[in-house]
Amino acid sequence: MGIEIERKFLVVGDDWRAAAQRVVPMAQGYLNDLAMVDSGAMQASVRVRIEGDAAFLNIKSREAGPSRQEFDYEIPVADARALLALCVGGIVEKRRHYVERAGHPWEIDEFLGDNAGLVVAEIELDDVDEAFERPAWLGPEATHAQRYYNLALAARPYSQWQGDERRALDLEEPASC
C-alpha cells in the first residue's frame, strides 16, 4: 500500500516555465463521481489516466488533507482509452510540467479544455511536516480546497466557476481525492 503526502498550490506568473525539465500531456477521467465519494457511498476515487505513451489506473482514498492511500497500476493504453469512454463527468486534460527546485520535484499542471486557465503546482513529501523552499511562483495553498482536486474539476470544470470562485481561495476541507 502506498501513502501519498501531497500539497497543492495555485501558481502565479510564468517564471516556472523556464525551469521545466519535461512536459507530458495527460488525459484523465473518473469511474466514479464526486457525489459518490462525498456521500461516503465510495471510499476512494477511481481514475484512469493516459500520460504520454503510458496509461494507469489509480485509486485514492478519500481522507481529507495532504495524506491518503494511493494505488497506481500501469495498464495498456488501449484499455485506458476504453475506460475513459466509461468515465462519469468530463475528461480532465492537462500538460504536466516537471520542475526540480531545491531538491524537491514539483509537478505543475497546466489545465486545458474546460479547465483552461487554471495552473496548479503539487509537491510530494516524505512527511506531512517536511520543510521545503517556496518558489516565487508559488501562490496560495489549495491542499484543503476541494474544488481544485481533479475529481472535482471533472464534475465542475474551471470554465463553470463564477468570478468570485476564481478570485477567492476558500480553504474548505476536502472530503475526497
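Summarised in this report is the structure supplied together with it. (Residues numbered from 1 in each chain as written. Predicted model: local features only at pLDDT ≥ 70, side-chain atom pairs only at ≥ 80, totals over all residues. Heavy atoms only, no water.)

**Focus on the overall build of the protein**
From N to C terminus, the protein includes 4 helices and 9 strands. Counting from the amino terminus, helix and strand elements in the protein follow one another as β-β-α-β-β-β-α-β-β-β-β-α-α. Summarising its shape, the C-alpha atoms of the protein cover approximately 40 × 35 × 35 Å along the three principal directions. Within the protein, the proportion of its 177 residues that are buried is 46%. Across the protein, the fraction of contacts at a sequence separation of at least 24, relative to all contacts at a separation of at least 6, is 63%. Approximately 8,500 Å² of the protein is accessible, and the part contributed by carbon and sulfur atoms is 51%. Side chains of the protein give 19 positive and 32 negative charges; the mean places of these two sets differ by 4 Å. (Helix = DSSP H or I, 4+ residues; strand = E, 2+ residues; numbered from the N terminus. Buried < 20%, exposed > 50% of the residue type's maximum accessible area, 1.4 Å probe, protein only. Contact = heavy atoms within 4.5 Å. Areas by Shrake-Rupley, 256 points an atom, 1.4 Å probe, with all protein chains shown as cover. Lys, Arg positive; Asp, Glu negative; His and termini not counted. Charge placed at Lys NZ, Arg CZ, Asp CG, Glu CD.)

**What about the environment of Lys60?**
Mapping Lys60 onto the fold places it in strand E4 (residues 54-61). Considered as a pair, Lys60 and Val23 are 37 residues apart in the sequence and their alpha carbons are 24 Å apart. There is a polar contact of 3.4 Å between the side chain of Lys60 and the side chain of Glu4. (Polar contact = N/O pair within 3.5 Å; in protein donor to acceptor, adjacent residues only side chain to side chain.)

**Some details on the packing of aromatic side chains**
Within this structure, the stated rule accounts for 6 aromatic pairs. Taking the centre distance of 5.1 Å and the plane angle of 80° together, the rings of Tyr148 and Trp161 count as edge-to-face. Of the two residues, Tyr148 is situated in the loop between strand E9 (138-141) and helix H3 (150-155) and Trp161 in the loop between H3 and helix H4 (163-167); the sequence distance between them amounts to 13 residues. Here the two residues Tyr148 and Trp161 agree in accessibility, since each one is buried. Judged by centre distance (4.9 Å) and plane angle (65°), the rings of Tyr158 and Trp161 are edge-to-face. (Phe/Tyr/Trp six-rings, centres within 6.5 Å; stacked < 30°, edge-to-face > 60°.)

**Overview of the pattern of salt bridges**
Evaluated as defined, the whole model comprises 15 salt bridges. The partner of Glu4 in a salt bridge is Arg68, with the nearest N and O atoms 3.5 Å apart. Within this pair, whereas Glu4 is found in strand E1 (residues 2-11), its partner Arg68 is found in strand E5 (residues 67-75), the two being separated by 64 residues in sequence. Residues joined in a network through salt bridges with shared partners are Lys8, Lys94, Arg96, Glu107, Asp109 and Glu122. (Salt bridge = Lys/Arg side-chain N within 4 Å of Asp/Glu carboxyl O.)

**Some thoughts on the pairing of E5**
Across 4 bridges, the pairing between E1 and E5 is antiparallel. By the bridge assignment, Ile5 is partnered in E5 with Ser67. Here 6 bridges tie E4 to E5, and the two strands are oriented antiparallel to one another. Looking at the pairing, Lys60 lines up with Glu70 of E5. (Pairing = 2+ DSSP bridges.)

**Remarks on the layout of surface pockets**
By volume, the largest pocket amounts to about 370 Å³. What lines the largest pocket is a set of 27 residues, and nearest its centre among them are Arg47, Arg49, Glu70, Arg96 and Glu107. Those elements that place two or more of their residues in the lining of the largest pocket are E1, strand E2 (20-30), strand E3 (44-51), E4, E5, strand E6 (88-101), strand E8 (119-124) and H3. Looking at the lining of the largest pocket residue by residue, the class counts come to 8 nonpolar, 3 polar and 16 charged. (1 Å grid on protein atoms, 1.4 Å probe; cavity = no way out; pocket = protein on both sides within 12 Å on 5 of 7 lines; lining within 4 Å. Points joined across faces, edges and corners; volume = space filled by probe spheres on them. Nonpolar A, V, L, I, M, F, W, Y, C, P; charged D, E, K, R; others polar.)

**Observations concerning the side chain of Asn32**
Within the secondary structure, Asn32 is located in the loop between E2 and helix H1 (34-39). A distance of 3.0 Å separates the side chain of Asn32 from the backbone nitrogen of Val46, its partner in a polar contact. Apart from residues no more than four positions distant in its own chain, Asn32 is found in contact with Val37, Met42, Ala44, Ser45, Val46, Val88 and Leu151.

**Here we look at the environment of Gly52**
Tracing the backbone through its elements, the reader meets Gly52 in the loop between E3 and E4. Along the sequence, Gly52 and Pro25 sit 27 residues apart, while their C-alpha atoms lie 5.6 Å from each other. In contact with Gly52, other than residues within four places in its own chain, are Val24 and Pro25.

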